[in-house]
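Structural overview for review
Given next are the chains, with one letter for each unit.
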Amino acid sequence: MLPTQTAFWYSNPTSRSWQTAAPESALPFHRSLDGYTPTPLVSLPSIAAELGVSQVLVKDESNRLGLPAFKILGASWAVCRALCQRYDLDPEGMTVPRLKEFIRTNVDVAQTPVLVTATDGNHGRAIARMAALLGITARIYIPAGLSSSAIAGITSEGAELIETENIYDDVVMLAAKSTEGQACDVLIQDTAWEGYMQAPQWIVDGYGTLFGEIDDALREMNAPGPDLVACPVGVGSLAQALVEHYRTAGNAAPVLLSTEPETAACIARSLLAGTPVVVDTSYPSIMSGLNCGTPSELGWPALLAGLDAAVSVSESDCRQAVLDLQDLGLDVGPCGAATLAGVRAALSIPERRESLGLDASSVIVLVSSEGLAANPLR
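Below is a summary of the structure that appears in this document. (Residues numbered from 1 in each chain as written. Predicted model: local features only at pLDDT ≥ 70, side-chain atom pairs only at ≥ 80, totals over all residues. Heavy atoms only, no water.)

The sheet built from seven strands is open, its strands ordered E1-E10-E9-E8-E11-E3-E2 with mixed pairing. For this open sheet the edge positions go to strand E1 (9–11) and strand E2 (41–43), each flanked by a neighbour on one side alone. Pairwise comparison of adjacent strand axes, ignoring direction, gives a mean angle of 20° for this sheet. Looking at chain direction, strand E3 (residues 55–60) and strand E11 (residues 363–368) are connected through six bridges and run parallel. In the sheet register, Val-58 faces E11, and the bridge partner there is Leu-366. (Pairing = 2+ DSSP bridges. Helix = DSSP H or I, 4+ residues; strand = E, 2+ residues; numbered from the N terminus. Axes fitted to C-alpha atoms, helices over the stretch in contact; angles between N-to-C directions.)

What follows is the structure in structure tokens.
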């Protein structure tokens, strides 16, 4: 039986006056990765006309360093920083080949590090890819209901897969507990809790490259804005990177909108409550990468202070957004299409549109976090 679905809407008129310190840049490291190139920013005139704005641009993350999602940005930087910390290496100027060679020549085989994480899809594959690039192993824990394509993607990287019957939030704790007392294990989790903050912050810093690329692309296009950036959210780590990028001194202050499934709207419900709220995620969503029930403890203060708005989207509206973007020639999975569904939900109601300050001259950027290969429609 389907759970009762409720659409959530939150707005914060004070968010654009709030500022935070500039995050650490991972861009030099990312530029050192084999095959690095900025992902495209694609203009969609027909969607702009539908929404009554000047431009709608999609940040297309369907092919990021050979993977069908953005997660490798955070995973690669966090793995580099964690291993540099473990072996007392200087992360400045560090590259994957140098790190691989150090491990090969200086670490006893019996002490070779093992990367460990829980995932609802893309993060786990990214961690597995980093392990493969470094010549080490990874152990990936997954929740019940993960798509066969996501599972195949993880195993294709050579990782050890631990399948469970648990929901995502419980799998995160299971993976963390598995590393206790294990000297070789290195936990690289993309959500934070009390006592586990550093690796999640490195992941957030890695995601910042995506938003820097948006700025660069807009300058190259001689385009104004953005006036609104829409971001899909699970636990809120990508949204934390969004806020930390656009709420720094000297940066433009666009409207920042988070979008998530109605059945797993932990961020919107937490913002409405003014405190972190845990939601039940036992019912699966086509937006599997966003099917998270507990906000990241690390990101929560920035989301509360810096997000302008949060909206939840239905399964049917997200599915339609996937199909509409496919018709326009874009490779966008359900998590990525959630931003189009969310902007539609936000701008379809005059009071919401007015609160966001958007008009016919506005430029909207939609972050499409994955391609269909990462999470096909089911």
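A few words on unusual backbone geometry. Positive phi, normally seen in glycine, also occurs at Asp-88, with a value near 55°. In this structure, Asp-88 sits in the loop between helix H3 (72–86) and helix H4 (96–106). The class for Asp-88 is exposed, based on a relative accessible area of 73%. Positive phi outside glycine occurs at Asn-222, with the angle close to 55°. For Asn-222, the location among the structural elements is in the loop between helix H8 (198–220) and strand E8 (228–232). (Buried < 20%, exposed > 50% of the residue type's maximum accessible area, 1.4 Å probe, protein only.)

The next thing to look at is the packing of aromatic side chains. Evaluated as defined, the whole model comprises five aromatic pairs. Ring geometry for Phe-211 against Tyr-246: centres 6.0 Å apart, planes inclined by 75°, an arrangement best described as edge-to-face. Within this pair, whereas Phe-211 is found in helix H8, its partner Tyr-246 is found in helix H9 (residues 237–246), the two being separated by 35 residues in sequence. For the pair shown, Phe-211 and Tyr-246 are each scored as buried. (Phe/Tyr/Trp six-rings, centres within 6.5 Å; stacked < 30°, edge-to-face > 60°.)

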